[in-house]
Amino acid sequence: MTPVQSRNAAYALALIVPAALMGGALISQYGFGLYPCEMCWWQRYPHIAAIVLALLALTIRGKGAGDLAVILAAICIGASGLIGGFHAGVEYGWWEGVTSCATVASGGDPLDAIMNAPVIRCDVAPWSLLGISLAGFNFLLSIGGAVLVFALLGKGRKGA
């Protein structure tokens, strides 16, 4: 892979990784009714920031500002992964989590919506595959994605 291809791949991954993970979170929420707890929301915010930074990097492509935006996006992706790792540890009972929980209120009578809103616990994984929860998958994919973005960007800058 040439240095230019490495940098292009880093720019693309800085957008694809958080966009895919946010897409998965939204599909699980709206398609399958897996409402996010408080810590799930915390994992989404850095991904949103990473998407914005990656889009900015694609518009200002270049070694200086574009690469800085990609680096910041990778840091945000990694931060979401670390939050996901903490959340997974709470779900697996390895340590204590936060005490607040998230609820989902929908239209109509506000009091009725509050009273009938589901309480989403942060210490219970609503879904898992092969023993890995959604937070665990976010940890694995985000940390892996962030490391790969840094590696590709470093290879692209080193060869240029």
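This is a predicted model, so every value here is computed, not measured.

Contact geometry of helix H1 (residues 3-30) with helix H3 (residues 65-91) gives a least axis separation of 10 Å together with a crossing angle of 40°. On the basis of the axis angle, H1 is oblique to H3. For the pair H1 and H3, the sense of crossing is left-handed. On the side of H1, the interface is formed by Arg7, Ala10, Tyr11, Ala14, Val17 and Pro18, while H3 contributes Gly66, Asp67, Val70, Ala73 and Ile77. Class assignment of the residues belonging to the contact of H1 with H3 gives a composition of eight nonpolar, one polar and two charged.

The next thing to look at is the packing of aromatic side chains. Throughout the structure, instances matching the rule amount to two aromatic pairs. Summarising the aromatic geometry, the rings of Tyr92 and Trp94 are spaced 5.1 Å apart at their centres and angled 50° between planes, so their arrangement reads as tilted. Look at Tyr92 and you get partly exposed, because its relative accessible area is 32%. Under the relative-accessibility criterion, Trp94 is labelled exposed at 59%. When the ring centre of Trp41 is taken as reference, the NZ or CZ atom of Arg44 above it lies at 4.8 Å.

Moving on to a nonpolar patch on the surface. Together, Trp41, Trp42, Tyr45, Ile48 and Val52 make up an exposed nonpolar region whose accessible area comes to about 480 Å². Topologically, Val52 is positioned in helix H2 (residues 38-59).

This next bit is on the state of the cysteines. Per the stated rule, a full pass over the model turns up zero disulfides. Here Cys40 stays unpaired: no disulfide links it, and the sulfur of Cys37, its closest cysteine neighbor, is 3.5 Å away. According to the relative accessible area criterion, Cys40 is partly exposed, its value standing at 24%.

A separate point is the side chain of Ser6. Here Ser6 shows up in helix H1. By relative accessible area, which is 0% here, Ser6 ends up buried.

Right, let's talk about the pattern of salt bridges for a bit. Counted under the stated rule, the structure contains one salt bridge. Arg7 serves as the salt-bridge partner of Asp67, at 2.8 Å between the closest nitrogen and oxygen. Residue Asp67 is located in helix H3, and its partner Arg7 is located in helix H1; the two are separated by 60 residues in the primary sequence. The class of Asp67 is buried, set by a relative accessible area of 0%. The class of Arg7 is buried, set by a relative accessible area of 16%.

The rules behind each value
- Residues numbered from 1 in each chain as written.
- Predicted model: local features only at pLDDT ≥ 70, side-chain atom pairs only at ≥ 80, totals over all residues.
- Heavy atoms only, no water.
- Axes fitted to C-alpha atoms, helices over the stretch in contact; angles between N-to-C directions.
- Helix = DSSP H or I, 4+ residues; strand = E, 2+ residues; numbered from the N terminus.
- Parallel < 35°, antiparallel > 145°, perpendicular 65-115°, else oblique.
- Left-handed = near helix turned anticlockwise from the far one by under 90°.
- Contact = heavy atoms within 4.5 Å.
- Nonpolar A, V, L, I, M, F, W, Y, C, P; charged D, E, K, R; others polar.
- Phe/Tyr/Trp six-rings, centres within 6.5 Å; stacked < 30°, edge-to-face > 60°.
- Buried < 20%, exposed > 50% of the residue type's maximum accessible area, 1.4 Å probe, protein only.
- Lys NZ or Arg CZ within 6 Å of the ring centre and 35° of its normal.
- Patch = residues over 30% accessible without salt bridge, like charges linked within 9 Å, V, L, I, M, F, W, Y side chains within 5 Å.
- Areas by Shrake-Rupley, 256 points an atom, 1.4 Å probe, with all protein chains shown as cover.
- Salt bridge = Lys/Arg side-chain N within 4 Å of Asp/Glu carboxyl O.
- Disulfide = S-S within 2.5 Å.

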